[in-house]
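# Overview (structure and organization)
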Amino acid sequence: MKLENKTAIITGAGSGIGKATALLFAREGAKIIIADWSDEGKNTAEEIGKNSYFIKTDVSRAKDIDNMAKLCLDKFGKIDILVNNAGIARTFPLHETPEEEWDQTINVNLKGAFLASKKVIPEMIKQGKGKIVNISSIAGLVGFSQASAYCASKGGLISLTREMAVEYAKEKINVNCIAPGIIETAMTKEMLQDTALRKSFEEATPYPRLGQPEDIAYAILYLSSSESDFVTGQVLTADGGWTAK
Ligand code: NAP
């Protein structure tokens, strides 16, 4: 097992990529804190059973982040892995984007990763090791129409990843990010019900299917395991070839 005796906090693990990652981590021997603002996170923890706890968490609130880290330390005594996965995506033409929508997207997708990393890094420094995996998007690498706040948040997360990787490499804290392409989850469900839009996504993806949450979970597992100890500050793009064209 790749994560035996490891402890992990996974944000947004009530659904989609985060849930698939939690289930995979559990199969690989990790003890897991499921942090989600949705009560769906309780189901993920129950599905895993022992060695998993749910805590209702809004990643954009420092107080919630404090409680999330405290639960991991109280239950498991250490924090080995942090997966900053919670995210929201709302679409508006830039010139019609309400200011509060911009703020909320940046606060959840970017500030949330900052707050959680800020909280766990001192623990990882004490332990002499740690892994942080940020879930960005191909929208952080290339433009997507009507997604200004989302693209900016995900591009910012890539920059933050590089900054943290450089700052904490000497402490043996690896910080990497993943840029998924189009993955079939609750986040994309409505878009993918639009037949024309789905077809355009399929055509833009050279691999002959769209992504599944498990495709990303395996990439997260690699960046969370000792197999990637010499990999830091990188963007692992898992997009079926979307950005290779
Ligand atoms: P998802 O199925 O909607 O799961 C995201 C989970 O995070 C949901 O349970 C959501 O709760 C929760 N969440 C949202 N805001 C939160 C907050 N402030 N605090 C705590 N939890 C919060 O979406 P997904 O597709 O798995 O997305 C996971 C990550 O992958 C996101 O960062 C997303 O941007 C990224 N990503 C997804 C795709 C894709 O095509 N699906 C592509 C590239 C990147 P609610 O459902 O109640 O909001």
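Refer to the structure printed above.
Description of the structure in this document. Since the model is a prediction, treat every value here as computed from it, not as a measurement. (Residues numbered from 1 in each chain as written. Predicted model: local features only at pLDDT ≥ 70, side-chain atom pairs only at ≥ 80, totals over all residues. Heavy atoms only, no water.)

## Observations concerning the side chain of Asp64
Definition in use: Helix and strand labels come from DSSP, where a helix needs a run of H or I of at least four residues and a strand needs a run of E of at least two; each type is numbered from the N terminus. With a 1.4 Å probe rolled over the protein chains alone, any residue whose accessible area is under 20% of its type maximum counts as buried; one over 50% counts as exposed, and the rest are partly exposed. Think of it this way: Lys and Arg go in the positive column, Asp and Glu in the negative one, and His and the chain ends go nowhere. We count a salt bridge whenever a side-chain nitrogen from Lys or Arg sits within 4 Å of a carboxyl oxygen from Asp or Glu. Contacts: residue pairs with any heavy atoms within 4.5 Å of one another.
Here Asp64 lies in helix α3 (residues 62-76). Buried Asp64, no salt bridge; nearest opposite-charge side chain is Arg61, N-O distance 4.9 Å. Excluding residues within four positions of it along the chain, Asp64 makes contact with Lys56, Thr57 and Asp58.

## Structural notes on the packing of helix α6 (residues 186-193) against helix α7 (residues 195-204)
This is how it is decided: Lines fitted to C-alpha atoms define the axes, with helix axes restricted to the stretch in contact, and inter-axis angles between N-to-C directions lie between 0 and 180 degrees. By definition in this entry, angles of less than 35 degrees are roughly parallel, angles greater than 145 are roughly antiparallel, angles of 65 to 115 are roughly perpendicular, and the rest are oblique. Put simply, Ala, Val, Leu, Ile, Met, Phe, Trp, Tyr, Cys and Pro go in the nonpolar bin, Asp, Glu, Lys and Arg in the charged bin, and everything else, Gly too, in the polar bin.
Put simply, α6 and α7 touch, their axes get as near as 5 Å, and they point 110 degrees apart. Classified by the angle their axes make, α6 and α7 are roughly perpendicular. Note on element contacts: α7 touches α6 through Thr195, Leu197, Arg198 and Phe201, opposite Met191, Leu192 and Gln193. Residue composition of the contact of α6 with α7, by class: 4 nonpolar, 2 polar and 1 charged.

## Brief notes about unusual backbone geometry
Here Asn51, not a glycine, exhibits a phi torsion of approximately 70 degrees, which is positive. Structurally, the position occupied by Asn51 is in the loop between α2 (40-48) and β3 (52-56). Owing to a relative accessible area of 29%, Asn51 belongs among the partly exposed residues under this scheme. One non-glycine residue, Lys172, lies in positive phi territory at about 60 degrees. Looking at the element boundaries, Lys172 is found in the loop between α5 (148-168) and β6 (173-180).

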